[in-house]
Structures are given as C-alpha cells and as structure tokens.
Amino acid sequence: MAEPHLLVSLRAAPDPLAVDDNFVVVDKPAGWLAVHGRGPDKQDCLLARLQSRWSDVLTVHRLDQATSGLMVFARGAAAQRVLSRAFESRVVHKAYVACVAGLVSRDSGEIDLPLAADWPNRPRQQVDTKNGRPSLTRFEVLARDASLNSTRLRLLPHTGRTHQLRVHLAAIGHPVLGDTLYADVAAAAASPRLLLHASELSFPHPVNAQPLSFTSAPPF
C-alpha cells in the first residue's frame, strides 16, 4: 500500500553519483519506489529506470518509498553476492538525517526495541517485545529548534529492519515529521514529505575491497 501523498509519476532516473562495471550509487528521490511492488501500478521504480540504462543492475538493499537518499545497486550476480554479504555482515556504514517532532533531551543515545510486522495493518511495523526481531538504532542530536518544536538527528542503524528508524523514533515519542504511517496528525501534517534522508553510505568495492564513501546533503 503506497502512502497517499507519495503517488508520483516517475521520470528518468537521476544521474548516478558513481558507476563502474560492478555497482551504481544513486541518490533516490523521495516518493520513488526503490524496487518493484505488487500490482501493475508499482512496476515503475528506481531499479527499473536504472535497468533501462544498465541491463545488469540488481538490488542489494532498499529504502522506503517515502525516504530519499543514497542507495547502491550491484551490476551482475557476482557483485550482488559480494555486496549483499557486506550488508549482512554489517561492514556497510549507513547514516541518515531526520527531523523529528519535539525536542530530544539527550544529545545521543540508543533505541533498542524489537520489531515485527503489524500483520492486520500492513505495511506497518510495530514494537513487539515477545516476537519481534532485535533492532538497534543509535542517534546523535545535530540541532534543536525550539520555535518549531523539532530536532534534527543523525541516525545510525545497527540493524536494518523494515521501517526501523520510523518505528523507533515514534516509539520514543519523537516521530519523523511528515510520516503518514507512524506520526500523530500534527507531526504527519508538518511536512509534505517524510523528513528522512540516507545521507552517508560506505562499503568495500565488490572486486578489490577498496573503501568507498559517499555523502548526500539532506534536501530539507
């Protein structure tokens, strides 16, 4: 189920930040599906657009449709296996920037709450202390805005569960602004888009293991 204000008509894929015979790094716009969804109306996505330029492009990880920012795609099955292992073994560094409702009191901290699918309300996820999978998010305060009653955070997910950052932040009372799935009415209406951006991505090159790092400034 797409989020209601994110139904967009996709154009050509954005130019890659880096590309070689083994990978493509791109800055996904908010509102774009990262990969194909269910149904004919969800086949136009970033993966499809990249494959129209490079037929060997394959998925390694995902971002929510509402989230913008850095993604890496593999070129070819061999590179996909190597990059997927890098994500699974957590040698890939990812960081996000978010603007959340309220003034976060601590300058840094951890959110350690197990998550599971909220099956009756898919695609929502939920904190589930009995059946949930271990999920850990670290955060650092970048700025507080008392006039807007909001906080800008740098987020460092240790695990990569579906909607992890959004559920964790909502669970501690600081939902991401513009989040139509997890925020209250006021926070959801505070922005026309979800204020969550994948701003840092580092991984070893799939062939020579050379460290590669990319950054993307949040567009908010």
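Overview of the structure.

Thresholds, definitions, all that
- Counting of residues starts from 1 at the beginning of each chain's written sequence and follows it residue by residue.
- Two thresholds apply to this predicted model, a pLDDT of at least 70 for residue-level local features and 80 or more for giving and counting side-chain atom pairs, whereas whole-chain, interface and lining totals are computed over all residues.
- By convention in this description, side-chain values take in all heavy atoms of the structure and omit both hydrogens and water.
- The helix count covers DSSP runs of H or I at least four residues long, the strand count covers runs of E at least two residues long, and both are numbered beginning at the N terminus.
- Radius of gyration here uses only the C-alpha atoms, and the compact-globule reference equals 2.2 Å multiplied by the residue count raised to the power 0.38.
- For each residue, the accessible area found with a 1.4 Å probe, counting protein chains only, is set against the maximum for its type, and the residue is called buried under 20%, exposed over 50%, and partly exposed in between.
- Pairs of residues are marked as contacts when any of their non-hydrogen atoms sit within 4.5 Å.
- All tallies of charge rest on Lys and Arg as positive and Asp and Glu as negative; His and the ends of each chain are not included.
- One atom stands in for each charge, and that atom is NZ of Lys, CZ of Arg, CG of Asp or CD of Glu.
- Here, expected helix span is obtained from the residue count minus one, scaled by 1.5 Å.
- Directions from the helix axis toward the C-beta atoms define the arc.
- Within 3.5 Å is the distance limit for a polar contact, defined as a pair of N or O atoms, with the added protein rule that one can donate a hydrogen and the other accept it, and that residues adjacent in sequence qualify only through two side-chain atoms.
- Two strands form a pair only when DSSP identifies at least two bridges running between them.
- Two rings from Phe, Tyr or Trp (for Trp, the six-membered ring) form a pair when their centres sit within 6.5 Å of each other. Planes less than 30 degrees apart are called stacked, planes more than 60 degrees apart edge-to-face, and all others tilted.
- Salt bridges are identified by distance alone: a Lys or Arg side-chain nitrogen within 4 Å of an Asp or Glu carboxyl oxygen.

## Details of the overall build of the protein chain
Here is step 1 of the chain: For the protein chain, the helix and strand inventory stands at 4 helices and 12 strands.
Here is step 2 of the chain: Over its C-alpha atoms the protein chain spans a radius of gyration of 17 Å, differing by no more than 12% from the 17 Å that the globule rule assigns to 220 residues.
Here is step 3 of the chain: The dimensions of the protein chain, computed from C-alpha atoms along their principal axes, are 45 × 35 × 35 Å.
Here is step 4 of the chain: Counting all 220 residues of the protein chain, 50% fall into the buried class.
Here is step 5 of the chain: In the protein chain, of all internal contacts separated by at least 6 residues, the share reaching a separation of at least 24 is 61%.
Here is step 6 of the chain: Considering the protein chain, the positive charge centre built from 24 side chains and the negative charge centre built from 20 side chains are found 4 Å apart.

## Here we look at helix α3 (residues 164-171)
Here is step 1 of the chain: Counted residue by residue, α3 has 6 buried out of 8 residues, so it is predominantly covered.
Here is step 2 of the chain: Among all positions in α3, only Gln164, Leu165, Arg166, Val167, His168 and Leu169 are buried.
Here is step 3 of the chain: At the exit of α3 stands Gly173, carrying a positive phi of roughly 85 degrees.

## What to know about helix α2 (residues 77-88)
Here is step 1 of the chain: In this model, α2 (12 residues) spans 16 Å end to end at C-alpha, consistent with the 16 Å of a helix rising 1.5 Å per residue.
Here is step 2 of the chain: Those residues of α2 lying buried are Ala79, Leu83, Ser84, Ala86 and Phe87. All buried residues of α2 lie within an arc of 155 degrees about the axis, which places them on one face of the element.
Here is step 3 of the chain: Contacts from the buried residues of α2 go to β2 (23-28), β4 (68-75), β5 (93-101) and β11 (196-204).

## Topic: the side chain of Ser135
Here is step 1 of the chain: Its place among the elements puts Ser135 in the loop between β8 (125-127) and β9 (136-145).
Here is step 2 of the chain: Here the side chain of Ser135 touches Arg133 through a polar contact of 2.9 Å, landing on its backbone oxygen.
Here is step 3 of the chain: In this structure Ser135 touches Ile111, Asp112, Leu113, Pro114, Leu115, Thr159, Arg161, Gln164 and His168, once residues within four positions along its chain are discounted.

## Description of the environment of Val82
Here is step 1 of the chain: With respect to the helices, strands and loops of the structure, Val82 is situated in helix α2.
Here is step 2 of the chain: The class for Val82 is partly exposed, based on a relative accessible area of 27%.
Here is step 3 of the chain: For the pair formed by Val82 and Ala209, sequence separation is 127 residues and the distance between their alpha carbons is 9.9 Å.

## Quick notes on the pairing of β11
Here is step 1 of the chain: A large share of β11 lies buried, amounting to 7 of its 9 residues.
Here is step 2 of the chain: Inspection of the sheet shows β5 paired to β11 by 6 bridges, in the antiparallel sense. From the neighbouring strand, Tyr96 faces β11, where its bridge partner is Ala198.
Here is step 3 of the chain: The sheet contact formed by β11 and strand β12 (residues 211-215) spans 5 bridges and is antiparallel. Among the inter-strand pairings, Pro204 is bridged to a residue of β12, identified as Pro211.
Here is step 4 of the chain: Linking two consecutive strands that pair antiparallel, namely β11 and β12, is a turn of 6 residues; a positive phi of about 65 degrees is found at Ala209 within it.

## Focus on the packing of aromatic side chains
Here is step 1 of the chain: Tallied over the full model, the rule gives 2 aromatic pairs.
Here is step 2 of the chain: Their ring planes at 85 degrees and their centres at 5.5 Å tell us that Phe23 and Phe203 sit as a pair that is edge-to-face. Taken together, the residues Phe23 in strand β2 and Phe203 in strand β11 connect sequence positions 180 residues apart.
Here is step 3 of the chain: Between Phe203 and Phe214, the aromatic rings sit 6.0 Å apart at their centres with planes inclined by 25 degrees, giving stacked as the arrangement.

## Overview of the pattern of salt bridges
Here is step 1 of the chain: Enumeration according to the criterion identifies 10 salt bridges in this entry.
Here is step 2 of the chain: Measuring nitrogen to oxygen at the nearest pair gives 3.7 Å for the salt bridge that ties Asp15 to Arg53. With a gap of 38 residues between them, Asp15 in the segment before β1 (18-19) and Arg53 in the loop between α1 (46-51) and β3 (57-58) connect regions that are remote in the sequence.
Here is step 3 of the chain: Assessed through its relative accessible area of 59%, Asp15 is described here as exposed.
Here is step 4 of the chain: Take Arg53: its relative accessible area is 43%, and that puts it in the partly exposed class.
Here is step 5 of the chain: Arg154 is the salt-bridge partner of Glu140, the closest N and O atoms lying 3.2 Å from each other. Taken together, the residues Glu140 in strand β9 and Arg154 in strand β10 (residues 150-157) connect sequence positions 14 residues apart.
Here is step 6 of the chain: Taking the relative accessible area as the measure of exposure, Glu140 reaches 30% and is therefore partly exposed.
Here is step 7 of the chain: Each of Asp64, Arg166 and Asp179 takes part in a single network of salt bridges with overlapping partners.

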